[in-house]
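Spelled out from the first residue to the last, the chains are:
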Amino acid sequence: MSSVRDHVLDQYNSRVYKNRKEHVITIGEKESNEVVANTRTIPGIITQRGCCYAGCKGVVLGPIKDALIIVHGPIGCSYYAWGTRRHKAESDVRDGEEAKSYLEYCFSTDMQESDIVFGGEKKLKQAITEAVSIFNPPAIFICSTCPVGLIGDDIHAVAKWAEEEYGIKCIGFSCEGYKGVSQSAGHHIANNQLIRYIIGTGDKKPKKQYSVNILGEYNIGGDGWEVERLLRRCGIEVVSVFTGGTSVRDIKNAHLADLNLVQCHRSINYVADMMYEKYGIDWIKVNFIGTESCRKSLTEIGEYFGDEELKKRIQEVITDEILNNADEMQYLKSKLKGKTAALYVGGSRSHHYQTLLKDFGIRTVLAGYEFAHRDDYEGREVLPDIKPDADSKNIESITVEQDKKYYRVYLTDEQKAALVEKGVKLNYYEGMFKEMEEGSIITDDLNHFETEEFINILKPDVFFSGIKDKFVVQKGGTLCRQLHSYDYSGPYAGFQGAVSFGKDILMGLSTPAWGLVRAPWKKVPVLSATLGGEE
């Protein structure tokens, strides 16, 4: 496998090779699996990353259903973050308080050239006035894009004006696309503002004895609803979800939950850490993708609460869910066992889906992240060794203090030590490396050239990726399933979701249409020419 890495990287010139050689590693090749991540992409290389704005509005804020999000910038920015992800939500009423859903709408100030020249604050105020008169939302979020940061519109002053004028929550997010090196910077900015202005502003306590928040779950294809169903079936109340299918109404009460469950570490770890510092709420890294992962995550939740009746109920639910899906899982595994896969996805999906692939006997030969940091690969123990560079310093890192009213300690130090002995790790993520087989290739910020080269050499049966590179892969003859929005399928979370996932993969592999396609230029030359200057 090391020769595969060397073969791909040796085709670069010396300058590019020097940059990329630490981003691509082979598991087991060295004693240390240190990888370079969260650095700028080489100019000119076709990266699949998104921008800071995409991470803030498109990922973290976009799924909050009752927040009317106005994008202050050109209309293309708003359309980009609105029309690509399938985070589902529906209006509902809870405890007499309604949370409407505005996800079907696309709100923008539609900045034009004159706004760039003369400023857009007046237009932003007009947009807020129209939004309040038409929708009367409980909260308005303002997300700024690149031109706004360049011309200096003060969205935070406008947000303060809106709160005073209309008496509603209005928050500005300075998430201009050029900040940071990828969409990861936008996650951080969104996390900061959520902890500052929303979390901790509610006072509705959970009704059940045990309650949790689900962090880093964006309800793609209904994943969040399936996870909530499992937890409620176990007798655990879900206070809020960050942020798929959830609302400002619920997030403001998140500080009253007993435990945080972190699904996507990269996008929400800032909130998890700050809630631990401010409110004393522990967090457990969970994974509800895959049957074994679901079993392990639910079991660890039961161990945290320590109630024997709860643990018994959880095991009953696990057994029932596994038995209900056993026949289909066995059949799908008989068809998929021995296949190979490559994954290049954002968030924690490149890690999570490897566990689901193992359920079917599918081996991962290559995996990487779009916007990860070193701890997402190597585990949080490397955090003290990560040196912030100039790009990282562009993103505000806030500190919080213990809340005198709401801070509480759920478990004693002795109880936490007992959990560690049982294998339950609190406030920790082990990273992707530790579960990968020796010889597997890791590549951070995979680019277009490397995608084609690794596919040609490794020949995976299926490539899991995003919308930007999906069709390039498929037109090259390899099945590509999209894990950012599930190709209009899903949910894939939970025990039932694993079956849905397996069916979709088997369907794709059983219909190898793309492998039968030959590009026209491979059959007939599309250009003909003669050497100039000849008679």
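Everything below is about the structure shown above.
Here goes a summary of the coordinates provided. (Residues numbered from 1 in each chain as written. Predicted model: local features only at pLDDT ≥ 70, side-chain atom pairs only at ≥ 80, totals over all residues. Heavy atoms only, no water.)

Turning our eyes to something else, we now look at the sheet that holds strand S16 (residues 479–482). Within a sheet, each strand pairs with its neighbour through backbone hydrogen bonds, oriented either parallel or antiparallel. As summarised here, the arrangement of the 6 strands in space is S1-S14-S13-S12-S15-S16, forming an open sheet in which the pairing is mixed. Among the strands making up the open sheet, the edge pair consists of strand S1 (24–26) and S16. In this sheet, adjacent strand axes meet at a mean angle of 15 degrees when their direction is disregarded. Here 3 bridges tie strand S12 (residues 340–345) to strand S15 (residues 462–465), and the two strands are oriented parallel to one another. In the strand pairing of S15, Ala342 is matched with Phe463. (Pairing = 2+ DSSP bridges. Helix = DSSP H or I, 4+ residues; strand = E, 2+ residues; numbered from the N terminus. Axes fitted to C-alpha atoms, helices over the stretch in contact; angles between N-to-C directions.)

Here the focus is the packing of aromatic side chains. A full pass over the atoms with the stated rule returns 20 aromatic pairs. Aromatic side chains Tyr79 and Trp82 sit 5.8 Å apart centroid to centroid with 55 degrees between the ring planes, which places their arrangement in the tilted category. In this pair, Tyr79 and Trp82 are both assigned in helix H4 (residues 75–82), 3 residues apart and thus about one turn of the helix distant. When its relative accessible area of 52% is taken as the criterion, Tyr79 is described as exposed. Measuring from centroid to centroid gives 4.8 Å for Tyr210 and Phe305, while their planes differ by 45 degrees, and the two rings are tilted. In this pair, Tyr210 is assigned in the loop between helix H9 (184–197) and strand S8 (211–217) and Phe305 in helix H13 (residues 291–305), connecting sequence segments 95 residues apart. One exposure class covers both Tyr210 and Phe305, and it is buried. (Phe/Tyr/Trp six-rings, centres within 6.5 Å; stacked < 30°, edge-to-face > 60°. Buried < 20%, exposed > 50% of the residue type's maximum accessible area, 1.4 Å probe, protein only.)

Next up on the list: helix H12 (residues 265–279). Owing to its 3.6 residues per turn, the α-helix aligns residues three or four sequence positions apart on the same side. Burial analysis of H12 places 12 of its 15 residues in the buried class, which makes it a mostly covered element. Buried within H12 we find His265, Arg266, Ser267, Ile268, Asn269, Tyr270, Val271, Ala272, Met274, Met275, Lys278 and Tyr279. Phi turns positive one or two residues past the end of H12, at Gly280, with a value near 80 degrees.

Tracing the backbone shows His484 in the loop between S16 and helix H21 (494–510). In this structure the side chain of His484 is engaged in a polar contact, spanning 3.2 Å, whose partner is the backbone nitrogen of Gly346. Residues within four places of His484 in sequence aside, it is in contact with Ile220, Val345, Gly346, Glu370, Ser465, Gly466 and Ile467. (Polar contact = N/O pair within 3.5 Å; in protein donor to acceptor, adjacent residues only side chain to side chain. Contact = heavy atoms within 4.5 Å.)

Quick look at the packing of H9 against H12 now. At a minimum axis distance of 7 Å, the contact between H9 and H12 shows a crossing angle of 30 degrees. Between H9 and H12, the crossing angle belongs to the class labelled roughly parallel. As H9 packs across H12, the resulting crossing turns out to be right-handed. Residue-level contacts link Ser184, His187, His188, Asn191, Asn192 and Ile195 of H9 to Arg266, Ser267, Ile268, Asn269, Tyr270, Val271, Met274, Met275 and Lys278 of H12. (Parallel < 35°, antiparallel > 145°, perpendicular 65-115°, else oblique. Left-handed = near helix turned anticlockwise from the far one by under 90°.)

Axis separation between H13 and H21 bottoms out at 9 Å; the angle between their running directions is 170 degrees. One element, H13, and the other, H21, form an angle in the roughly antiparallel class. Seen from H13, the contacting residues are Thr291, Cys294, Arg295 and Leu298; seen from H21, they are Gly494, Phe495 and Ala498. Its residues assigned to classes, the contact of H13 with H21 comprises 4 nonpolar, 2 polar and 1 charged. (Nonpolar A, V, L, I, M, F, W, Y, C, P; charged D, E, K, R; others polar.)

The 4 strands are arranged S5-S2-S6-S7 in an open sheet whose pairing can be described as parallel. Edge positions in the sheet fall to strand S5 (107–108) and strand S7 (169–173), since each of these pairs with one other strand and no more. With 6 bridges joining them, strand S2 (residues 67–72) and strand S6 (residues 139–144) adopt parallel strand pairing. Paired with Ile70 across the bridge in S6 is Ile142. Lying over the sheet, helix H3 (residues 52–61) contacts S2, S6 and S7, oriented at roughly 155 degrees with respect to S6.

To continue, consider the nonpolar core. Grouped together as the largest cluster of nonpolar side chains are 112 residues, with contacts concentrated most on Leu61, Phe141, Ile199, Leu231 and Phe501. Every residue in contact with Phe141, bar those within four places of it in the chain, is listed here: Leu61, Ile64, Ala67, Leu68, Ile69, Ile70, Ile171, Phe173, Ile198 and Val248. Judged by nonpolar contacts, the second largest core, of 20 residues, contains Ile70, Leu124, Val132 and Phe135. (Core = buried A, V, L, I, M, F, W, Y, C linked by side-chain atoms within 4.5 Å.)

With 7 of its 7 residues buried, S8 lies for the most part within the structure. As defined by bridge partners, S8 adjoins strand S9 (residues 237–243) across 6 bridges and the pair is classed as parallel. Bridging across to S9, Val212 finds its partner in Val238. Two strands pair when backbone bridges link them, and S8 and strand S10 (residues 259–262) are joined in this way by 4 bridges, in the parallel orientation. Bridge assignment links Ile214 to a residue of S10, and that residue is Leu261.

With that out of the way, let us pick up the side chain of Thr340. Along the polypeptide, Thr340 turns up in strand S12. Discounting residues that sit within four places of it in the chain, Thr340 has contacts with Ile362, Arg363, Val365, Lys459, Pro460, Asp461 and Val462.

Okay, the pattern of salt bridges next. Counted according to the given criterion, the structure contains 40 salt bridges. The partner of Lys207 in a salt bridge is Asp95, and the shortest N-O contact between them spans 2.8 Å. Separated by 112 residues along the polypeptide, Lys207 in the loop between H9 and S8 and Asp95 in the loop between strand S3 (92–94) and strand S4 (97–99) bring together distant segments of the chain. On the accessibility criterion, Asp95 (47% relative accessible area) is partly exposed. Where salt bridges share partners, they join Lys65, Asp92, Arg94, Arg249 and Asp250 into one cluster. (Salt bridge = Lys/Arg side-chain N within 4 Å of Asp/Glu carboxyl O.)

Here the focus is H9. Over its 14 residues, H9 extends 21 Å from the first C-alpha to the last, a length consistent with the 20 Å expected when each residue adds 1.5 Å. Across the 14 residues that make up H9, a large majority, 12, are buried. Considered for burial, the residues of H9 that qualify are Ser184, Ala185, Gly186, His187, His188, Ile189, Ala190, Asn191, Asn192, Gln193, Leu194 and Ile195. Buried residues along H9 sit against H3, helix H8 (155–166), S7, S9 and H12. (Expected span 1.5 Å × (residues − 1).)

With respect to the element layout, Glu237 can be found in strand S9. The sequence separation of Glu237 and Gln209 amounts to 28 residues, and the corresponding C-alpha distance is 8.1 Å. Once you skip the residues sitting within four places of it in the chain, Glu237 turns out to touch Pro206, Lys207, Lys208, Tyr210, Ser211 and Val212.

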